[in-house]
Structure formats: structure tokens, C-alpha cells
Amino acid sequence: MEDVTGEVDNGSQPLPPSSSPPSPKSEVIQPDTTTEQENHPKLSIISRPDFGSSGRHIQLLANHFKVSVKNPDAIFYQYSVSIHTEDNRPIENKVTRRKVLDKLYLTYSSDLSGNQFAYDGDKSLFTVRPLPKSKSEFTVVLEDSHANCGSPACDEISSEPGKRSRRSFQEKSFRVEITYAAEIPLKPFTLALQEEEPEKLQDAFRVLDIILRQQAAQRGCLLVRQSFFHDDSRKCSDIGGGVSVCSGYYSSFRPTRGGLSLNMDVATTIILTPGPVIDFLKSNQNARDARSIDWVKAKKMLKNMRIRTTHSNREFKITGMSEKPCNQQLFPLRVKKDDGTYDDQTINVTVFGYFTKHRNIEVTYSAYIPCIDVGKPKKPTYLPVELCSLVSLQRYTKALSTLQRASLVEKSRQKPAEKMQAITDAMKNYHYDDDPLLVSCGISIEKQFAQVDGRVLEAPKLKVGNGEEFLPRNGRWNFTKKKLFKPAKLERWAVANFSAKCDASHLTRELIDCGRKIGFIIDRPFSLMEEDPHNRRYGPVERVEKMFEQLSAKLPGFPDFLLCILPERKNSDLYGPWKKKCLIDYGIPTQCMCPVKISDQYLTNVLLKVNSKLGGINSLLAIEEPSRIPIIHDTPTMIIGMDVSHGSPGRSDMPSIAAVVGSRSYPLISRYRAFVRTQSSKVEMIEGLFEPQENGNDTGMMRELLLDFYLTSNKRKPTQILVFRDGVSDSQFNEVLNYELDQMIKAYQYLDEVNVPKFTVIVAQKKHHTKFFQANGPENVPSGTVVDTKVVHPRNYDFYMCAQPGMIGTSRPAHYHVLIDEIGFSPDALQNLILSLSYVYQRSSSATSIVAPISYAHLAAQQMGKFLNLEESSENASGEDSVTSIGSIPIPKMPKLSEEVESSMFFC
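Not measured: the values here are computed from a predicted model.

Conventions adopted
- Residues numbered from 1 in each chain as written.
- Predicted model: local features only at pLDDT ≥ 70, side-chain atom pairs only at ≥ 80, totals over all residues.
- Heavy atoms only, no water.
- Helix = DSSP H or I, 4+ residues; strand = E, 2+ residues; numbered from the N terminus.
- Buried < 20%, exposed > 50% of the residue type's maximum accessible area, 1.4 Å probe, protein only.
- Contact = heavy atoms within 4.5 Å.
- Areas by Shrake-Rupley, 256 points an atom, 1.4 Å probe, with all protein chains shown as cover.
- Pairing = 2+ DSSP bridges.
- Axes fitted to C-alpha atoms, helices over the stretch in contact; angles between N-to-C directions.
- Parallel < 35°, antiparallel > 145°, perpendicular 65-115°, else oblique.
- Left-handed = near helix turned anticlockwise from the far one by under 90°.
- Nonpolar A, V, L, I, M, F, W, Y, C, P; charged D, E, K, R; others polar.
- Expected span 1.5 Å × (residues − 1).
- Bend = angle between axes of the 7 residues up to and from the residue.
- Phe/Tyr/Trp six-rings, centres within 6.5 Å; stacked < 30°, edge-to-face > 60°.
- Lys NZ or Arg CZ within 6 Å of the ring centre and 35° of its normal.
- Salt bridge = Lys/Arg side-chain N within 4 Å of Asp/Glu carboxyl O.
- Right-handed = clockwise from strand over helix to strand, strands pointing away.
- Arc of directions from axis to C-beta.
- Polar contact = N/O pair within 3.5 Å; in protein donor to acceptor, adjacent residues only side chain to side chain.
- Core = buried A, V, L, I, M, F, W, Y, C linked by side-chain atoms within 4.5 Å.

Q: Any details on the overall build of the protein chain? Residues and values, ideally.
A: The number of helices and strands found in the protein chain is 18 helices and 43 strands. The buried share of the protein chain, taken over its 908 residues, is 53%. Considering only residue pairs separated by 6 or more positions, the protein chain has 73% of its internal contacts joining residues 24 or more positions apart. About 41,100 Å² of surface is accessible on the protein chain, with carbon and sulfur atoms providing 47% of the total.

Below, the structure is given as C-alpha cells:
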């Protein structure tokens, strides 16, 4: 099978044969892993070959603080911890476990020889000196029985006859076993700059980070991995829906070329706004009063939240809600005799009656709404809603609305000077040097930001229409008095207007006029279709169906393009159904918009997206045509971007979505084709790169990318492939090399090709906490700033780059890790290419914070992921081919794009 080779063929070879589509019953061949390992030796991450030198030098500060280790021969002793109740039930709640260990130290300090320890809240603790015994058992007594696994200690109203428990201050005993596990020396820190990765280096870092977490836990902070948050209302801001953004700090020890450092940063998390439960529900559901609340939704939302009662100041976890209102919900109450004792007889009373008559507690609006249940499944314990308040520092882990996300971004922004001051204050206030465990190791931490040498690379020249070339200023440009490089022509098109507030006729006139200014010729639309007001009472899917019925009735045939005007900005529930109808059912390119204020800038941004979707090119790098890109211009090179989207936190049932985009029309590096697949939920490695079938076909995404490159590049086959991978952590780098790259190579070889291309694989990370600040000014670092010294990894090949213009907030650099480089870029050539790839993003007129291929992969996964959220998504895909399965878990297949749009940049 002669499809793709590693040679430049200059168009002399025939078009590769296309395989027939697999039948629904085709099964994926599971590769023999033993054979794989024998044929493909395990790849290792490369070391840094050299440093970059191009660009203007600039003095920077980094939020890294130098750490000195005066006692490098110190050893941490690790012990395993198990905690059980008297009846041998294991304790899982971390808050309870920490309370037990704190009490253990106070009670048995002499038995521990005075050894202080760092405890991770789970199953490990660490000391600097060994404990007297390798295995010890202790009995720990807590006076507050709330420690019992985080469950309520007092049944205010129990449905079990005669069970009015008064145990809130009852003693509770725990059995704690501490067993020696291992030794973790600090010596690896002094060896961190040597060629080989010292064994147990990560273990030593883990111990130091546990010490930081323990300090925060002892201050009563909310812990979220290596970030911690104080119970301080001044650091919280409401973002709507009953939730707030809370500001805290991130701290972690890191190995760098400058030695060991403490990385300190401002962090944010989302918490429930503390206060009355009824206030949360009204805000969460946008309800006028208690009776307007949807209690079915409320029950699901409130489950597992922690509350405190106003009448007893006790804390409970919500397990459910009563079926009946407070004034109808009955429970059995024992009868109290005249002498104060209780009779065996019980009477049924309402929750409302109990609190008002027996407890003399006023209950008003709660009488007519369900009660909160804090009991067990078979032993409910009811509380009136108005007596319950949400406790502070509870994380909110469900998906945020678009408006909440926008508010979160706005309220968590800090200018560089503000962020530096916040970090400086934290370093002064937390007194890390005073921690007894750090002191015993001779660890001290400087209070000054690390001084770093940075370089500002020159922005690449861009080319637009009429052969004009220009140099962007600080990562930005505009199309004022400029023409698009290759404008499409918009002839047969129509407008579907779902917005009662938007004048579609005025909007289209402005759009046509704006297009003329930038060289984009737009004819008058065939039709301006206004939604029938009666249709607004239907659901989003039906509204879209009815709009297409209107279009079908009025137009002689479906247009080549549809402009959709949505009623709400960004968070319209019409977006997914509309995109699915256009891209999958009809194959019509479409652009959605919701203009709040019409301006030339807004309309130009819309037209940039439209032009890209219709096959036009907005701008090119000046070195793209004719190709003068170093290392790429004379060797067919494909650039790939890969990302996996795991969906919103509240939808664990949804599959993960893998997207892979590949460059096409070599030697251009501005045009891309996307392929998107579903895969196992929460799996980060991409499973659909290579999928050999029993019928001999490969249905994987890599094969599709290779064929697309071949067909659009004058039948040339890539001899070099540059892969950008987003979203993986340091611990997954080896999997990227030895699973994903291996699958890509297999896909190439499966096309009967012998000469495998040279690969360069780069991981890009945005979720890190290293920030850079100008040493001599309050502004963000300039666009094009790169750092590859001092705060980078001591051995691995990584660097930071701020390509984007930092207009608001504090710029977050992209952290690039070069895992393997068979192509052989010099540091300067690679850094300049990456900067250039931040300027080819067709959706905007500014440099992006991360290379365009990754941005495109993210967009493709995000857009097609919306199709899976539609209830009707499986109706059009019946039979065996609508789902696949990995193991025993069925995974819905991604709906297939129509042939008319599948090769377009539909994701723009």
C-alpha cells in the first residue's frame, strides 16, 4: 500500500488509494504490547542542548524564592498511618484524620520522643528523626463526636422512635497505628543539577510540600492541592448564583537551574457563598422567594453541602430533603412524663410543630417547603431550612455558567504590581523559616523575588492583501486601511435572527460595508429570516428546527453560508443545536453572533472568522509565501496540535473529547484541518490516533491527517512532523512519548511506508504558577518575552514564553517542554518558530498566549463537544455504529461532520 513516504516526490507519485469506510461491525485490533516493547525501545526525554541568544535582553523578576539547605544529609523517615474507630471502621475524612493526629501528638509527645511530624491528611506522616518504635499503636480520644467521619453527631429530629440523641460533646475513641515505611534523604537536592535524575527526588519534594500544606491546615485553611485559602470574607467576591471567587495562595518547592526554589503565587478557587441556605437557593435558581424554588433541583444541588444550625450551632452534612413540607412531615416523638422521664409510648408530630411547640423556636416560611435531611438513608433527621446556614470555605465543584465565568475572570484579575505586593506580603506573613521541621533540616527561604535574565524576540512580519507587509507592535495589529490576504466571496447566504432586539437589516448593511473596507466582497443576503415570536416558547432544538423549516419554505435551495443572530451573548442554549444542524445535517458553514454594540472592530472580528471558515486567509507570516521558514522551507513539514477536553466538573458521565489538528497546503503553516473523537471519560492520553481494524483499514486520526496533508500539498509527504501537545502534566511526559508518539509512528507505517518522518514533540502548559515581572516598571512583560535560564528545569529542555500582549491582568507565560527533537532545531530557531506560530491564529488580530495549532485543537474539541450535550444527538445515529465501548463502558461516538465542511476551519 503506497500512501505516504518519507521522501519529497514533487507531485510525481499517484494519489494514494482511499480505504473504504469501515463497516459498523469492524472491530479494533488490540496491539500486542509485548511485541511493541520489543520493536520500539522506550524513548527518553532529551536534555537541554543549549540556550537561546537572540532578542533584546531584559531584566525580570520571577515569583521564585531561593531555598538554601544547610543540612543536606538530613533524612525524612516515612511512616504509614491507619486510623479506625472502636468498632474497627476506617476513618476516611481528612479533616477528622488531621484532628486525630493533632490530638495524638499532644497526648503522646513523650512516646514519640518529642518528634514533630508532617502529616498528609491521608496515610503517610514524616519525621526528621526516627520514632522509637518501627510500629506503634495509640488510642486517641476526641471530645467532639463531630469527628465521626464527618457525619452529624446529633439527631435533632430522628425518624426512629425514641432516638433523640444528645451526643454533641460525647467522647469518641480512635485506634491509630503508625508503621515504618521508608527513608527519604534530602541529598537528592544537592545532586539535582547532575545529569541523571536522582532517585527519590520527587519523594523529597513531596515531603516538603506536605509540610507547607500542614502549616495551612493548622491555620484552618481550605486546601486545594498546593493552594490554600483563608476564611476571610475580604478575600471573597460574589460571582452570582450563590457562589463566590475566593483568593488565596499557591506554594510549592521546585527544582530549577538556580537550585531549589519556592514558587509562590496568588491562587483562586470557587466556594459556596456562606449564609442562609434559602439565600443560596434563591440566588442559585434566580427565584423570587422560597415558594418559587424548584425543590427537585435544590435537593440535587444541596447534597453533601455542610451546614450549621442557628439554634444549636452544630455542623451537619446534607444527605437529602423531606418529601413533604415542614408542616406535614411527621416523625415519632417519645412522650415526656411529668417526672421528666420518657414513656415508651410515641406520638407522631410534624417537624414544624416540634420546633414551634416543643422547642419554642419561631419557624415562618419553612412551614410550607421541604425540610433538610442530615440523617442516614434509613434514619432521616429533619431540620427546617430557615434554621440552616452554609458554612464557609466549601468548594463549589459544579460547572459555572458563562456569566459566572466572565465574572470570575474579571474579579480574579490583578495588575502585575498588585500581584507582586500580594506575594510579598504572603512571604512575610507565613514565616516558613520558623517551621520546626524545616528548621531541623537547615532549610531557609529568601524573601526576595528571583532576578532573571529574559529576552524579547522580534515579532514576525505579517503579510496582508495587496502585498503589504507590516510589523505588529507589542503583539497587536488591526485591519484599518488593510485588506485581507485572501478574501473569500460571500454570495449565496442568509440570516437567521433569533433575537428580538437586533435589527438584522441594519446589521447586514454594516457587515457588508465593513467587509468592503477589508476587501471581503459580500452580496446582499438572499433572506433575512426573523423567528416567529410564537416559537420562542419551545425548547432550543425545536426552535432551530422551526427556523430551518422557515428557511426551507422561503429559499429555492439551502445557501452556502448562514449567519445566525442569537438572543443571548455567549451562553445561548441555541448555539449547540444550531451548529449541529448546520455542520452535521446540512453541511453549511455558519457564524453565530450576538451584537451588543455594533462597531467596526466587532464586525471585523466576525468577518475574520467567516473568511477563515469559507477558505480565505486573513494574514500570513511574511516568510510563509514564498516559504522562507528556517528548517521548514525546503523539507515538507506537518505541524500538529493535540488537546483533550474533559468537560465540565459537574458532568463526570460525559466522555472526554480528543481533538487533533494538522497543517495543510504546505508550505503554509496557517491552514489546519481538525479531527475530533470521543474517548473514555477523564483519560488524558489520546486513544484514537491509530485504530487498525480487522478489515485492514486504519480509522485513526493520524492517518486522516497524513492523507489530508498529502492531498493538499501537491502530493508531498511529510518528512518532518512537529507535534504540540496541550494539557498534560510533567508526570505524563513519558506516556506522550511512548504511547501517543508510538501510535503516530504505527499509523505512518501502517500505510506501507518505510522511512518514518523525523518527529519533534513539544508539550505546552498554561496551568502553572511561574510569573514574570519587569524589574524596572509596573507594566506586563513585553510580547515576545522568553526565559530559558535560572527558573527553568535543571536538566530538561524547557522555556517560558509570553507571546501575547499583556493588556489586562498579569501575563501568564506558556511553559514549553521539548520532549524529543529529531528534526534538530537550534534553541533560537525553535523559539522564533513558536513565536511565529502564535501570530497565525486567524480569529484575531493579536498574538495568542499559546501556539495556534493548540488553540485550534481546543476550539474544535470545545465546539464539537456541545453536540454531545444535546438530547437528540443519538436520534440521528441509530444502530451499532452510534456507540463504541472501551472495556464495559459505552462511549457515544462523535457525530460526523458533513463532507461539505469537514475539511474547512469550521472551528474558527
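Q: Give a detailed account of the sheet that holds strand β24 (residues 462–463), specifying residues and quantitative values.
A: A sheet is described by the order of its strands in space; here 3 strands give the open sequence β25-β24-β32, paired in antiparallel fashion. Of all strands in the sheet, those with a lone pairing partner are β25 (469–470) and β32 (620–621), marking the two edges. Alignment of β24 against β32, held across 2 bridges, turns out to be antiparallel. By the bridge assignment for β32, L462 is matched with L621.

Q: Any chance you could break down the sheet that holds strand β19 (residues 370–373) for me, citing the residues and the numbers?
A: With antiparallel pairing, the 3 strands of this open sheet are ordered in space as β16-β19-β20. The two strands at the open ends of the sheet, each matched to only one other strand, are β16 (320–325) and β20 (382–383). Bridging between β19 and β20 involves 2 bridges; their strand directions are antiparallel. Residue pairing across strands places I372 opposite L383, the latter belonging to β20.

Q: I'd love a proper account of the side chain of S855, names of residues and values included.
A: Counting through the fold element by element, S855 comes out in helix α18 (residues 852–865). Take S855: its relative accessible area is 14%, and that puts it in the buried class. When sequence neighbours within four positions are dropped, the list of residues in contact with S855 reads Y841 and I850.

Q: Please provide a residue-by-residue account of the packing of helix α5 (residues 277–285) against helix α6 (residues 295–302), values included.
A: A packed helix pair is summarised by two numbers, namely the angle formed by the two axes and the spacing between the axes. Between α5 and α6, the shortest axis-to-axis distance is 11 Å and the interhelical angle comes to 115 degrees. As judged from the angle between their axes, α5 and α6 are roughly perpendicular. Seen along the crossing, α5 lies across α6 with a hand that is right-handed. Residue-level inspection shows V277, I278, F280, L281, N284 and Q285 of α5 in contact with α6, the latter providing W295, K297, A298, M301 and L302. Its residues assigned to classes, the contact of α5 with α6 shows 8 nonpolar, 2 polar and 1 charged.

Q: Would you mind going over helix α16 (residues 733–749) in detail, with residue names and values included?
A: Between its first and last C-alpha, α16 extends 23 Å over 17 residues, near the 24 Å set by a 1.5 Å rise per residue. Of all the bends in α16, the largest measures some 25 degrees and sits at L741. α16 sits mainly inside the fold: 12 of its 17 residues count as buried. Listed in full, the buried residues belonging to α16 are F733, V736, L737, E740, L741, D742, Q743, M744, I745, K746, A747 and Y748.

Q: I'd like a rundown of unusual backbone geometry, residues and numbers included.
A: Of note, the bond from E625 into P626 is cis; its omega dihedral lies within 30 degrees of zero at 0 degrees. That bond from Y666 to P667 is cis: its omega, 15 degrees, falls within 30 degrees of zero. Examined against the element boundaries, P667 turns out to sit in the loop between β34 (656–663) and β35 (672–679). One non-glycine residue, N286, lies in the positive phi region at around 55 degrees. Tracing the backbone shows N286 in the loop between α5 and α6. Despite not being glycine, N360 has its phi angle at roughly 55 degrees, a positive value. Its location among the elements puts N360 in the loop between α7 (351–358) and β19.

Q: How would you summarise the packing of aromatic side chains if you had to cite specific residues and measurements?
A: Under the criterion given, the structure shown has 25 aromatic pairs. For the ring pair Y79 and Y180, a centre distance of 5.8 Å and an interplane angle of 75 degrees mean the geometry is edge-to-face. Taken together, the residues Y79 in strand β3 (residues 75–85) and Y180 in strand β7 (residues 172–185) connect sequence positions 101 residues apart. Y79 gets classed as buried once you look at its relative accessible area, which sits at 2%. With a relative accessible area of 36%, Y180 lands in the partly exposed category. Linked through ring pairs, F498, F548, F558, W578 and Y586 together constitute an aromatic cluster. Positioned over the ring face of Y368 is R291, at 4.6 Å from the centre of the ring.

Q: Residue-level account of the pattern of salt bridges, with values.
A: On inspection of all chains with the given rule, the structure shows 31 salt bridges. The partner of K580 in a salt bridge is D585, with the nearest N and O atoms 3.9 Å apart. Among the residues examined, K580 registers a relative accessible area of 3% and is labelled buried. Between R725 and E740 there is a salt bridge whose closest N-O contact spans 2.9 Å. Taken together, the positions of R725 in strand β36 (residues 720–726) and E740 in helix α16 put the pair 15 residues apart, joining distant regions of the chain.

Q: Describe the pairing of β36, listing the residues and the values that go with them.
A: For a regular strand, side-chain orientation follows a simple rule: the groups alternate between the two sheet faces. Burial analysis of β36 places 7 of its 7 residues in the buried class, which makes it a mostly covered element. Residue alternation in β36 divides its side chains into two sets, Q720, L722, F724 and D726 and I721, V723 and R725, and both sets are buried. When strand β33 (residues 637–645) meets β36, the two strands line up parallel, connected through 6 bridges. Considered in β36, the bridge of M642 is made with R725. Summarising the sheet, β36 and strand β37 (residues 758–765) pair through 7 bridges and their orientation is parallel. Each bridged residue has a counterpart across the sheet, and for V723 the counterpart in β37 is V761. The handedness of the β36 to β37 crossover, carried by α16, is right-handed.

Q: Could you give an account of α6, naming the residues involved and the relevant values?
A: The set of residues buried in α6 consists of W295, A298, M301 and L302. Down the axis of α6, the buried side of the element spans an arc of 115 degrees, and every buried residue falls inside it. Exposed positions of α6 whose direction lies more than 90 degrees from the buried face are V296, K297 and K300. In this fold, the buried residues of α6 make contact with α5, β16 and β19. Its side-chain oxygen placed 3.0 Å from the backbone nitrogen of V296, D294 serves as the N-cap of α6. At the C-terminal side of α6, N304 shows a positive phi close to 75 degrees.

Q: Please provide a residue-by-residue account of the nonpolar core, values included.
A: I640, Y816 and Y856 are the most contacted members of the largest nonpolar core, which has 119 residues in total. Excluding its chain neighbours within four sequence positions, the residues that come into contact with I640 are V660, V661, G662, M702, L705, I721, L722, V723, F724, M744 and P853. If you look at the next biggest cluster of nonpolar residues, it comprises 43 residues, including W295, A298, I361 and I369.

Q: Tell me about the packing of helix α12 (residues 540–554) against helix α13 (residues 575–586), and please be specific about residues and values.
A: Direction vectors running N to C along α12 and α13 enclose 50 degrees, while the axes themselves pass 9 Å from each other. Overall, the two elements α12 and α13 adopt an arrangement that is oblique. Of the two elements, α12 crosses α13, and the hand of that crossing is right-handed. Listed contacts from α13 to P540, V541, V544, E545, M547, F548 and L551 of α12 are P577, W578, K581, C582 and Y586. Within the contact of α12 with α13, the residues separate by chemical class into 10 nonpolar, no polar and 2 charged.

Q: Report on the side chain of R716, specifying residues and quantitative values.
A: Following the sequence through the fold, R716 ends up in the loop between α15 (701–712) and β36. According to the relative accessible area criterion, R716 is buried, its value standing at 18%. Polar side-chain contacts of R716 include one of 3.1 Å to the backbone oxygen of S713.

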